[in-house]
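Each chain, letter by letter, is given below.
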Amino acid sequence: GKGPVGVKAALLVPAETAEAEIKVKNSRFIGTIGHAPTIERAREFIQEVKDKYPDGRHHCYAFAVGHGASVTHGMGDDGEPSGTAGRPMLAVLTGTELGDACVVVTRYFGGTKLGTGGLVKAYTEATQMALL
């Protein structure tokens with residue numbers, strides 16, 4: 001696949017922190033990706049995003065630390081129904097060639113429940129947009 005500009009093909013990591021936002025039925029989903037060479041750094045990054053958007057209802061995350069056979073994955077739904085946020089986000093992340101990456105999707109609830117399928121779709125799209 002086509003890697004991010006300015007990143008060596010051998011080691012695809014996020015070149016910089018990037019953000020993308022989508023709106024679904026008045027809910028805002030803000031995807032933020034950052035470089036996370038260690039699990040500690042991934043956790044710090046998640047906290048930084050929470051601090052940046054303190055009034056976000058949910059801060060769901062997925063990370064892949066390491067490359068190739070030695071990758072540690074993590075994910076969290078932060079109060080969303082199990083399997084609707086962290087899991088699809090991680091699926092997007094592991095489907096790319098990126099390593100040492102952490103994605104956080106912050107949701108501002110817009111008053112309309114999206115349902116399980118709607119949530120999976122929204123978290124998937126927000127993650128994909130952040131990775132572009």
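Below is a short write-up of the structure. Since the model is a prediction, treat every value here as computed from it, not as a measurement.

### So, helix α1 (residues 39–52)
Alright, step 1. Its 14 residues give α1 an end-to-end C-alpha distance of 20 Å, which sits within 8% of 20 Å, the value for a rise of 1.5 Å per residue.
Alright, step 2. By the burial criterion, the buried members of α1 are A42, F45, I46 and V49. In a view along the axis of α1, the buried residues occupy a sector of 100°, so they form one face of it. Relative to its buried face, α1 has exposed residues pointing more than 90 degrees away, namely E40 and D51.
Alright, step 3. Buried residues along α1 sit in contact with β2 (27–35), β3 (58–65) and β5 (101–108).

### Considering helix α2 (residues 86–94)
Alright, step 1. Buried within α2 are the following residues: G86, P88, M89, L90, V92 and L93.
Alright, step 2. The inward-facing, buried residues of α2 abut β3, β4 (72–76), β5 and α3 (115–131).

### Brief notes about the environment of G95
Alright, step 1. Tracing the sequence through the fold places G95 in the loop between α2 and β5.
Alright, step 2. Judged by its relative accessible area of 67%, G95 is exposed.

### Let's talk about the environment of G111
Alright, step 1. Within the secondary structure layout, G111 lies in the loop between β5 and α3.
Alright, step 2. Accessibility expressed as a relative area gives 56% for G111, which makes it exposed.
Alright, step 3. Each C-alpha atom of the pair G111 and N26 lies 7.1 Å from the other, and the pair is 85 residues apart in sequence.

### A look at the packing of aromatic side chains
Alright, step 1. Enumeration according to the criterion identifies three aromatic pairs in this entry.
Alright, step 2. Relative to Y123, the ring of F29 has its centre 5.1 Å away and its plane inclined at 85°; by these criteria the two rings are edge-to-face. Note that F29 is positioned in strand β2 and Y123 in helix α3, a separation of 94 residues in sequence. Comparing F29 with Y123, the two get one shared label, buried.
Alright, step 3. Taking the centre distance of 6.4 Å and the plane angle of 90° together, the rings of Y53 and Y108 count as edge-to-face. Here Y108 lies in strand β5 and Y53 lies in the loop between α1 and β3, a separation of 55 residues in the sequence. Exposure class is identical for Y53 and Y108. Each is buried.

### Here we look at the side chain of T124
Alright, step 1. As for its placement among the helices and strands, T124 is situated in helix α3.
Alright, step 2. Within the structure, the side chain of T124 is placed 2.7 Å from the backbone oxygen of V120, a separation counted as a polar contact.
Alright, step 3. Beyond its immediate chain neighbours, meaning those up to four positions away, T124 contacts P88 and V92.

### Quick word on the state of the cysteines
Alright, step 1. Throughout the structure, instances matching the rule amount to zero disulfides.
Alright, step 2. Looking at the unpaired C102, the closest cysteine sulfur is the one in C60, lying at 12 Å.
Alright, step 3. Its relative accessible area of 0% is what places C102 among the buried residues.

### Describing unusual backbone geometry
Alright, step 1. Its identity is not glycine, yet K25 carries a phi of approximately 45°, on the positive side.
Alright, step 2. Within the secondary structure layout, K25 lies in the loop between β1 (18–24) and β2.
Alright, step 3. Assessed through its relative accessible area of 53%, K25 is described here as exposed.

Definitions and cut-offs
- Residues numbered from 1 in each chain as written.
- Predicted model: local features only at pLDDT ≥ 70, side-chain atom pairs only at ≥ 80, totals over all residues.
- Heavy atoms only, no water.
- Helix = DSSP H or I, 4+ residues; strand = E, 2+ residues; numbered from the N terminus.
- Expected span 1.5 Å × (residues − 1).
- Buried < 20%, exposed > 50% of the residue type's maximum accessible area, 1.4 Å probe, protein only.
- Arc of directions from axis to C-beta.
- Contact = heavy atoms within 4.5 Å.
- Phe/Tyr/Trp six-rings, centres within 6.5 Å; stacked < 30°, edge-to-face > 60°.
- Polar contact = N/O pair within 3.5 Å; in protein donor to acceptor, adjacent residues only side chain to side chain.
- Disulfide = S-S within 2.5 Å.

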